[in-house]
2 protein chains.
Amino acid sequence: MMEIQCIDCQQTSSDPLAWRCEACGGVLDFSAYPPFDADAIDAHDFSLWRYRAWLPVEQHVSLGEGLTPLARVRISDDDLLLKLEYLNPTGSYKDRGTVTMMNHMASHGVTNVVEDSSGNAGASVAAYSTALGIHPRIYVPAHGSARKKALIEHVGGELMEIGGTQEAKTIAARQAAATIPYASHAYSPYFVLGQMTVAFEVWEQCQRTAPDVIVTPLGHGGLFLGFARGFALLHAAGYVERVPTMIAVQSDHSDPIVRAYETGTSDPAPISTGQTIADGIIVADPVRGRAVLEAIATTGGAAFRVSDAAIQSARATLARHGYVAEPTSATTLAALPQVRAHVGTSASVVLALTGNGLKYI
Amino acid sequence: MMEIQCIDCQQTSSDPLAWRCEACGGVLDFSAYPPFDADAIDAHDFSLWRYRAWLPVEQHVSLGEGLTPLARVRISDDDLLLKLEYLNPTGSYKDRGTVTMMNHMASHGVTNVVEDSSGNAGASVAAYSTALGIHPRIYVPAHGSARKKALIEHVGGELMEIGGTQEAKTIAARQAAATIPYASHAYSPYFVLGQMTVAFEVWEQCQRTAPDVIVTPLGHGGLFLGFARGFALLHAAGYVERVPTMIAVQSDHSDPIVRAYETGTSDPAPISTGQTIADGIIVADPVRGRAVLEAIATTGGAAFRVSDAAIQSARATLARHGYVAEPTSATTLAALPQVRAHVGTSASVVLALTGNGLKYI
């Protein structure tokens, strides 16, 4: 039985729209997922709904998300696989989780939502909300990028511009969430649910095998945990011999997971973040940090930090191989020397590219 | 035998890099394509290379192009299918033809190319060229969009900015093409070749049936002919009962095909174009206009023109359903009332959305 429960106090949640534990304020998550079974894949569906057997939502409104390309590239004599999550409909991996979160909310009669995001998540939630007839209010920092705001408005989002610090918009959204359902990419268990499909895809795209290593940028941990959980299901059902080594990459100006990994603590401490061009992963206190650290520990993984200079250089390298990625995405390639030092030169490595660089040109 | 021959004088081309007939200057095309056979699809490949059996090129370097989503949407009580060509790697349907054209050129030892385009084709040719180790010189109008130029440069294109009229860049590129291979999305038969895969995909995505109607924006006719030829192969092999009704949409400021369709002539006359927000299809003299008109005639199709106001409105409608398309793409939805008047309300209709709106936000 797939229940939603608190990861802190284990209490089962009875409110399908709860974004955190009603009892203790903890983070909610599914208690279990259906076992993987390759015969249950709908091979005639070329979106993430080919895995609908593992997605317990009652509606399946789609903008064409999922089944993103897995491209092969040789960079400086290193053969790599690139998972092009930026080719999702609104230009980021967020769509993979937004589609399950918003379909779930729509099936429960939701007509208004709030979300806080200055970037990819805001555009994603706005697009899927309007597609489902839900009015989205997106809280953004007043000083944020004009183009990202324009994209949110283009797809029907109502901008709620909040002055002050980066955190101010989150505080304002949470206040609004007292009366309006909170479509939070950071908190919703239905967001992480959809992210799981990325692992199933990579498995299919690798001729039904697991790559040795997965590398993702890390903010709150949605995509990272999607990979880890999807491959854990594949492993539990005997389809792969092991879960890939999971490696998280952060900016050296926003590195709570790296600090916890280096000190061997199981729960990241909140930090003070600084500015970085990897603006998609500026997160002081990752919502699912403990689960991320656990996945790193159990898979022999690691967490690495990279500088803006290395990110800039990696982004240019990607472009010279034909890939138009946003700076946050380029963190994975920027970390490649550290990754290779950790896993060796012969391991097969997938780098997740999370956001479309067309938003930055 | 797949030979390349002139559509005017029928002479077979012996130069694999020729962009037009050496004898008469006419347009080159393949004389025939391999018969379609569903068993020859590589179902384990989730890019357009699953159809490699129909793509006679010796290299298969890929950026993850093809197998774009076919999304279902209801707009004003009309159920439509949207082929999201804008989710190709560089943000447009062009990648589908560029990948076959550039792999062909690379396999013949090409190290430098020229191309003329101010927009999607320039970015696409630049990206695939650099990915293949080919140096691309892209001729653009000096007064063109700064963002499009920045994208071309980002992926390694050398910008050749030409003053004067829109045609001046084409003239300059052709002069350069006297000594440097011309990677022309308008002329290369290898470009149209790759476009054919879009039909195979739609057929697979419609559970191996053909939709009743295909609607595309029309510039030189690459995507339109890709659909028509792909479905003609499916029909010849008995996989579909008929080729879909093929409908071309142009701007009312650039409508040579519509004029020829309305007057019943088999070859479009060159026109004087005006400015339109559908900047991807400003073409005075479509290179494959005769073939386009023939496909319209043999499928009971049509050609319609739409105004900038209708395009603007259709683009906003797409956005309010979650789809971020460039203005040129929105021409197909803008033409929907004319399409429905022509094919009736019950026909299944695919609208091709060709360019990513993220380039315009």
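What counts, and where the lines are drawn
Residues numbered from 1 in each chain as written. Chains lettered and ligands numbered in written order. Predicted model: local features only at pLDDT ≥ 70, side-chain atom pairs only at ≥ 80, totals over all residues. Heavy atoms only, no water. Phe/Tyr/Trp six-rings, centres within 6.5 Å; stacked < 30°, edge-to-face > 60°. Helix = DSSP H or I, 4+ residues; strand = E, 2+ residues; numbered from the N terminus. Buried < 20%, exposed > 50% of the residue type's maximum accessible area, 1.4 Å probe, protein only. Pairing = 2+ DSSP bridges. Disulfide = S-S within 2.5 Å. Least-squares fit on C-alpha atoms with pLDDT ≥ 70 in both. Contact = heavy atoms within 4.5 Å. Axes fitted to C-alpha atoms, helices over the stretch in contact; angles between N-to-C directions.

### Comments concerning the packing of aromatic side chains
Residues and elements named next belong to chain A.
In step 1: For the structure on display, the rule yields 22 aromatic pairs over all chains.
In step 2: Their ring planes at 85° and their centres at 4.8 Å tell us that Trp-19 and Tyr-182 sit as a pair that is edge-to-face. Within this pair, whereas Trp-19 is found in the loop between β1 (4-6) and β2 (28-30), its partner Tyr-182 is found in the loop between α4 (166-176) and α5 (189-195), the two being separated by 163 residues in sequence. Summarising the burial analysis for this pair, Trp-19 and Tyr-182 share the class buried.
In step 3: With centroids separated by 4.8 Å and ring planes inclined at 75°, the aromatic side chains of Trp-19 and Tyr-187 adopt a geometry described as edge-to-face. Highlighted residues: Trp-19 in the loop between β1 and β2 and Tyr-187 in the loop between α4 and α5, separated in sequence by 168 residues.

### Quick notes on the pairing of strand β3 (residues 70-75) of chain B
Residue and element names in this part refer to chain B.
In step 1: In this sheet, strand β4 (residues 78-84) lies alongside β3 in antiparallel orientation, the contact comprising six bridges. If you follow Arg-72 over to β4, its bridge partner there is Leu-81.
In step 2: Counted along the chain from β3 to the antiparallel partner β4, the turn is two residues long, and its residue Ser-76 has a positive phi close to 50°.

### Quick word on the pairing of strand β11 (residues 349-353) of chain A
Residues and elements named next belong to chain A.
In step 1: The buried fraction of β11 amounts to five of the five residues, a majority that puts the element mostly inside the structure.
In step 2: Alternating residues of β11 divide into Val-349, Leu-351 and Leu-353 and Val-350 and Ala-352, and every residue in both groups is buried.
In step 3: Relative to β11, strand β4 (residues 78-84) runs parallel, the two sharing four bridges. Paired with Leu-81 across the strands is Val-350, a residue of β11.
In step 4: With three bridges connecting them, strand β8 (residues 213-217) and β11 associate as parallel partners. Across the sheet, the residue bridging to Val-215 is Leu-351, located in β11.

### Notes on the state of the cysteines
All names here are of chain A.
In step 1: Taken as a whole, this structure holds zero disulfides over all chains when the rule is applied.
In step 2: For the unlinked cysteine Cys-24, the closest cysteine sulfur is that of Cys-6, found at 3.4 Å.
In step 3: For Cys-24, a relative accessible area of 42% puts it in the partly exposed group.

### Here's the deal with the relation of the copies chain B and chain A
In step 1: For these two chains of identical sequence, chain B goes onto chain A by a turn of 180° and a shift of 0.0 Å along the axis, with RMSD 0.0 Å. Here the copies are linked by what is in effect a two-fold axis.
In step 2: Take the interface residues of chain B: 100% of them recur as interface residues in chain A, which is what a same-surface contact looks like.

### A closer look at the sheet that holds strand β5 (residues 112-116) of chain B
Residue and element names in this part refer to chain B.
In step 1: Spatial ordering of the open sheet is given by β5-β6-β7, a layout of three strands whose pairing is parallel. Each edge of the sheet is formed by a strand with only one pairing partner; in this case those strands are β5 and β7 (158-162). Geometrically, the sheet is characterised by an average inter-axis angle of 25° between neighbouring strands, direction not taken into account.
In step 2: Sheet topology note: the β5/strand β6 (residues 135-141) ladder contains five bridges and is parallel. What sits directly across from Val-114, in β6, is Arg-137.
In step 3: Each of β5 and β6 touches helix α2 (residues 120-131); the most contacted strand, β6, lies at about 170° to it.

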